[in-house]
Amino acid sequence: MLFEPKIMKKTVKELRKNQGLTAKELADKLKMNTAEILKVDDLKLKQVPEPLRNRLLPILRGDYTDKIPWL
């Protein structure tokens, strides 16, 4: 992606807040426990383990909002 290097340098919490999501909402979208999200909240996205990063990236980039028909 074009903006991926900028995204990788930001924290998960900052990216989550930019999308207007709480930790619970993000955990619900990923079907995870909220505590797991809070553990990685203060890490930069590039420091998050690979399997979790691959699940977080589309949501934190906002890809899911492209599928909303009224936007």
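In this text, all values refer to a predicted model and were calculated from it rather than measured experimentally.

Q: Pulling in residues and values, what's your account of the environment of Arg55?
A: Relative to the assigned elements, Arg55 resides in helix 5 (residues 50-61). Its relative accessible area of 40% is what places Arg55 among the partly exposed residues. Here the alpha-carbon distance between Arg55 and Lys29, two residues 26 residues apart in the chain, equals 9.9 Å. Beyond its immediate stretch of four places on either side in the chain, Arg55 contacts Leu30, Lys31 and Met32.

Q: Outline helix 5, listing residues and values.
A: Here helix 5 spans 16 Å end to end across twelve residues, near enough to the 16 Å set by a 1.5 Å rise per residue. If you check which residues of helix 5 are buried, you get Leu52, Arg53, Leu56, Leu57, Ile59 and Leu60. Tucked into the core, helix 5 has its buried residues touching helix 1 (4-8), helix 2 (12-18), helix 3 (23-30) and helix 4 (34-40). Gly62, located one to two residues past helix 5, shows a positive phi value of around 95°.

Rules of the game
Residues numbered from 1 in each chain as written. Predicted model: local features only at pLDDT ≥ 70, side-chain atom pairs only at ≥ 80, totals over all residues. Heavy atoms only, no water. Helix = DSSP H or I, 4+ residues; strand = E, 2+ residues; numbered from the N terminus. Buried < 20%, exposed > 50% of the residue type's maximum accessible area, 1.4 Å probe, protein only. Contact = heavy atoms within 4.5 Å. Expected span 1.5 Å × (residues − 1).

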